[in-house]
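Each chain is listed here by its residues.
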Amino acid sequence: MAPVFPALHNNGRLPHGAFDKELRTRMHNERVSFTENLREYCLNTTIHGLKYIGTVSLTLCERAYFFLTFLVVTACSIYFISNVYIKWQSSPIIIGLNPIATHIKNIPFPAVTICNMNQVRREAAERIEQNTLEQSVLQSICSIDGDFNVTQYEGKWTAVKKLLLSATQPCSGMLKACRYAKQPEKCSEIFQSVFTDEGLCCTFNTLDTVHMFQNASAPNIFPTEVSSGSGRFRPILWTPEQGYADHPSNTTYPRVIAGTGVTMGLAMVLDANVTDYYCSSTSSTGFKIIFHSPTETPKITDYAQYIPVGSENRIIITPKINDAADQIRKVAQAQRQCVFASEANLSYYSVYSRNNCELECEAQLILENCGCVLYYLPKLYEDTKICSRANARCYEQIRSSIAFTANDSLSCTCLPGCFEISYIPDVTTAELQVGQFGIRESLLDDVKDEQYAKKNLALIYVFVKDTYYRSFTKGELVGFTDFLSNVGGLLGLFLGFSIISLIEVIYFVTLRPYCAKRKQPRTNVKDHHLEAGKLNAARNDLLWFGSKPSNATMVQFLGQSNDPNDYHLQARPNAMVKAYATKLKYLVHSRLQQASGWMRNTFRSRRNRDLGRGFGQERTGIRSYPFYD
């Protein structure tokens, strides 16, 4: 059958405008639309159920069924994921016992602060003249109301410190004998004086001023006038979070717990000197003792325990260690309810603790509202005014507001440290007997007066009884990994969703439309060149095997222009060679098939002719050799 050619115009040439219109129509039809992209995503995504929505062969009812089912399971997954998220945000922290116990060699011995209930010695108070600065300071220390208009109260820290050092009982007078870890010690070498809310007290195993305070030049709570120095002991840094900065030894402090039992602890003999009592914050005689972290300044008045005179006391210390996992650092402070050392913002103390933070906060509030600071509170400058009894109403109101937890207008919200250590005492007391029978305690060898011992002395043993202690660790209740696992499990259960599914969504939303948009012009040009090559090859085939058209008649092939100016539509050389080779292959194959058929028909005709001759039948007619059909 002869090929059908399109209508020819303009001397056999296809109009150039019609070809451009056809090309633009084909490019518009081949452009990737949003609907086609969405349907292809539904057919190829790994999310369950969407392929049924994108399948065109299904009926509208079937596709609507799967669409509604997909909406229901999506809503269920969102509901359960929201429950997991609320749990993750509301209670991210869990406190549990650390499975790894802490050995006592890694725990410092508690800082022991002891105060005589007598705040001012009678002998020193009677020497103070009336209507003088010293009397005003004395009334402030003893909380005695007086007429402050008589004298000009300067409120200088130097005047208050001088009176405290001269009018209170020194550590050398209160501590008569000391021993630590079976080793007798000079009390003046292991104890140092400290200013507290009970006046001048004595403390053991606390940090040195170099490591405890931010500014060494600021007024501190350790008066150097009374402290005899560390002697043979070398101070080292210890923090609850980092531990010891250097290897501790018998010549360093703060000291570690040497061992268990009463013999490996701290033993001391205290002298109250009851006959010299002048003023006290209590209604009894004796001592106040408190156990705290070496990095803290204690609050004696509110939290100390009583040690009566004429008693022997055994105090068993149980360290309570609080630490935290490093994973909770990314949790907000309001949720984890603790502060790491790197987050501390104290201006007076170097090591953060809740007690140190509360002392700074109290000092700041009293200074802002009353214009002065109590003598035992942190002070950044020497010229800071010290409060007197004239300011009592103001600072007592501030202290009451801070202590009253329901008050929101004036309060100190100090969170505990994520790493903290405290010591819980268990006190047992017996009556002290001296001189009535033989005893093994060598600390009482110099005590001969039984009546004086019962009215003034107290014997104290401080020790631990266990070698290992477990800490309370703050960790993640629902960490990010657990939250991600729960969310992934719920999405996989309801939707079959995975990370690959998310990547598919991102791909079909962003990358695929962009790549298709860039690829479209190149694809259209390539398809046009291929079409032109096919038509050109067909024309060459017809010219080679068919009769040549005359010069007067030109045959216009679809997609092929005879205009020399239209050579820009021809294919590139490589594409043309490939197209010609393919056409040549198909052409040779078809001609061989035609030749084979012609030969079979020829031999069949000759055989029929010979057979006809044998029977006397003569074949007539025109012989045809159908090589071309």
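Colleague: So what exactly am I meant to see when it comes to the nonpolar core here?
Modeller: Considering soluble globular proteins, one finds that nonpolar side chains tend to be buried as a cluster. If you look at the biggest cluster of nonpolar residues, it comprises 55 residues, and the most contacted ones within it are Val-120, Ile-366 and Leu-377. Of all elements in the fold, only helix H5 (122–127), helix H6 (133–142), helix H7 (157–167), strand E7 (191–196), strand E8 (199–204), helix H13 (354–370) and helix H14 (392–403) reach the threshold of two or more residues within this core. Those residues in contact with Leu-377, other than ones at most four positions away along the chain, are Leu-359, Glu-362, Ala-363 and Ile-366. One finds Tyr-253, Tyr-277, Ile-289 and Tyr-423 within the second-largest nonpolar core, a separate group that totals 42 residues.

Colleague: Just checking my understanding: could you explain the sheet that holds E8 for this structure?
Modeller: With respect to topology, 5 strands assemble into an open sheet ordered E7-E8-E3-E15-E16, the strand pairing being antiparallel. Edge strands, defined here as strands with exactly one partner in the open sheet, are E7 and strand E16 (305–308). Shown here is a sheet whose adjacent strand axes are inclined to one another by a mean of 35°, direction ignored. Of the strand pairs in this sheet, strand E3 (residues 111–116) and E8 are connected by 3 bridges, and their pairing is antiparallel. Looking across to E8, one finds that Ile-114 is bridged to Cys-202.

Colleague: What should I look at first to understand the side chain of Arg-255 in this one?
Modeller: With respect to the element layout, Arg-255 can be found in the loop between strand E12 (252–253) and strand E13 (266–271). Judged by relative accessible area, which is 9%, Arg-255 ranks as buried.

Colleague: Which parts of the structure should I look at to understand the pattern of salt bridges?
Modeller: Under the definition given, this model contains 15 salt bridges. Of the charged contacts, one joins Arg-234 and Asp-246 as a salt bridge, the two residues approaching to 3.4 Å between their closest N and O atoms. In this pair, Arg-234 sits in strand E9 (residues 234–235) while Asp-246 sits in the loop between strand E11 (243–244) and E12, placing the two residues 12 residues apart along the sequence. Take Arg-234: its relative accessible area is 39%, and that puts it in the partly exposed class. Of the residues examined, Asp-246 reaches a relative accessible area of 37% and is grouped as partly exposed. The salt bridge partner of Lys-330 is Glu-476, with a shortest N-O separation of 3.0 Å.

Colleague: What exactly am I supposed to notice about the layout of surface pockets here?
Modeller: When its volume is computed, the largest pocket comes out at roughly 1300 Å³. At the level of secondary structure, the elements contributing two or more residues to the lining of the largest pocket comprise strand E15 (286–292), helix H11 (300–303), strand E17 (311–324), H13, H14, strand E18 (420–431) and strand E21 (472–476). Ranked by residues supplied to the lining of the largest pocket, first place goes to E18 with 6 residues. Here the residues of the lining of the largest pocket sort into 22 nonpolar, 13 polar and 12 charged.

Colleague: Would you mind showing me how to read the environment of Val-351 here?
Modeller: Checked against the element boundaries, Val-351 lands in the loop between helix H12 (333–336) and H13. It is 7.0 Å that separates the C-alpha atoms of Val-351 and Thr-239, two residues lying 112 residues apart in sequence. The contacts of Val-351, once residues within four sequence positions are left out, are Leu-207, His-211, Met-212, Thr-239, Pro-240, Thr-295, Leu-346 and Asn-356.

Colleague: How should I be thinking about unusual backbone geometry in this particular structure?
Modeller: Working note: non-glycine residues mostly have negative phi, and peptide bonds are mostly trans. The linkage connecting Tyr-253 with the following residue, Pro-254, adopts the cis geometry, with an omega of 5°. Structurally, the position occupied by Pro-254 is in the loop between E12 and E13. Notably, Asn-205 is not glycine yet its phi reads approximately 65°, a positive angle. Within the secondary structure, Asn-205 sits in the loop between E8 and helix H10 (209–212). Here Asn-273, not a glycine, exhibits a phi torsion of approximately 50°, which is positive. Here Asn-273 is to be found in the loop between E13 and strand E14 (277–280). Look at Asn-273 and you get partly exposed, because its relative accessible area is 26%.

Colleague: What should I look at first to understand the state of the cysteines in this one?
Modeller: Defined simply, a disulfide is a covalent bond joining two cysteines at their sulfur atoms. Scanning the model with the defined rule gives 9 disulfides in all. Paired through a disulfide, Cys-171 and Cys-202 show a sulfur-sulfur distance of 2.0 Å. Looking down the S-S bond of the Cys-171 and Cys-202 bridge, the torsion is -115°, so its handedness is left-handed. Here Cys-171 is found in helix H8 (residues 171–174), whereas its partner Cys-202 is found in strand E8, with 31 residues between them in sequence. Judged by relative accessible area, which is 10%, Cys-171 ranks as buried. Since its relative accessible area comes to 2%, Cys-202 is described here as buried.

Colleague: Looking at this structure, how should I read the packing of H13 against H14?
Modeller: To describe two helices that pack against each other, one gives the angle between their axes and the distance between the axes. Two elements in contact, H13 and H14, have axes separated by 10 Å at closest approach and are oriented at 140°. In terms of orientation, H13 and H14 fall into the oblique class. As H13 runs across H14, the sense of the crossing is right-handed. Touching Glu-362, Leu-365, Ile-366, Asn-369 and Cys-370 of H13 are Cys-394, Tyr-395, Ile-398, Arg-399 and Ile-402, all from H14. Class assignment of the residues belonging to the contact of H13 with H14 gives a composition of 7 nonpolar, 1 polar and 2 charged.

Colleague: Which parts of the structure should I look at to understand the environment of Cys-357?
Modeller: Within the fold, Cys-357 resides in helix H13. C-alpha of Cys-357 to C-alpha of Ser-347: the two residues are 10 residues apart in sequence and 9.4 Å apart in space. Setting aside anything within four residues of it in sequence, one finds Cys-357 in contact with Leu-346, Tyr-352 and Cys-414.

Colleague: Honestly, H7 in this entry has me stumped. Any pointers?
Modeller: Looking only at H7, the buried set comprises Trp-157, Val-160, Lys-161, Leu-163, Leu-164 and Ala-167. When H7 is viewed along its axis, its buried side chains cluster within an angular range of 165° and face the same direction. Where the residues of H7 are buried, they touch strand E4 (118–121), H5, H6, E7 and E8.

Colleague: Help me understand H13, please; the structure alone is not making it clear to me.
Modeller: Because an α-helix completes one turn every 3.6 residues, residues spaced three or four positions apart along the sequence face the same direction. Taking 1.5 Å per residue as the helical rise, H13 with its 17 residues ought to reach 24 Å, and the 24 Å between its terminal C-alpha atoms agrees with that figure. Those residues of H13 not exposed but buried are Asn-355, Asn-356, Cys-357, Leu-359, Glu-360, Cys-361, Glu-362, Ala-363, Leu-365, Ile-366 and Cys-370. Buried residues along H13 sit in contact with H14.

Colleague: Got a minute to help me understand the confidence of the model for the chain in this structure?
Modeller: Detail in the predicted coordinates should be disregarded across regions flagged by low pLDDT. Mean pLDDT for the chain: 79, with 78% of residues reaching 70 or above. Ranking the helices and strands of the chain by mean pLDDT puts strand E19 (residues 457–463) first, with 96, and helix H1 (residues 16–30) last, with 50. Taken together, the stretch residues 225–230 has pLDDT below 50 and engages in 11 contacts with residues farther than four places along the chain or on a different chain. Note on residues 564–571: pLDDT under 50 across the span, and 11 contacts to partners over four residues away in sequence or across chains.

Quick notes on the rules
- Residues numbered from 1 in each chain as written.
- Predicted model: local features only at pLDDT ≥ 70, side-chain atom pairs only at ≥ 80, totals over all residues.
- Heavy atoms only, no water.
- Core = buried A, V, L, I, M, F, W, Y, C linked by side-chain atoms within 4.5 Å.
- Buried < 20%, exposed > 50% of the residue type's maximum accessible area, 1.4 Å probe, protein only.
- Helix = DSSP H or I, 4+ residues; strand = E, 2+ residues; numbered from the N terminus.
- Contact = heavy atoms within 4.5 Å.
- Pairing = 2+ DSSP bridges.
- Axes fitted to C-alpha atoms, helices over the stretch in contact; angles between N-to-C directions.
- Salt bridge = Lys/Arg side-chain N within 4 Å of Asp/Glu carboxyl O.
- 1 Å grid on protein atoms, 1.4 Å probe; cavity = no way out; pocket = protein on both sides within 12 Å on 5 of 7 lines; lining within 4 Å.
- Points joined across faces, edges and corners; volume = space filled by probe spheres on them.
- Nonpolar A, V, L, I, M, F, W, Y, C, P; charged D, E, K, R; others polar.
- Disulfide = S-S within 2.5 Å.
- Parallel < 35°, antiparallel > 145°, perpendicular 65-115°, else oblique.
- Left-handed = near helix turned anticlockwise from the far one by under 90°.
- Arc of directions from axis to C-beta.
- Expected span 1.5 Å × (residues − 1).
- pLDDT = per-residue confidence, 0-100.

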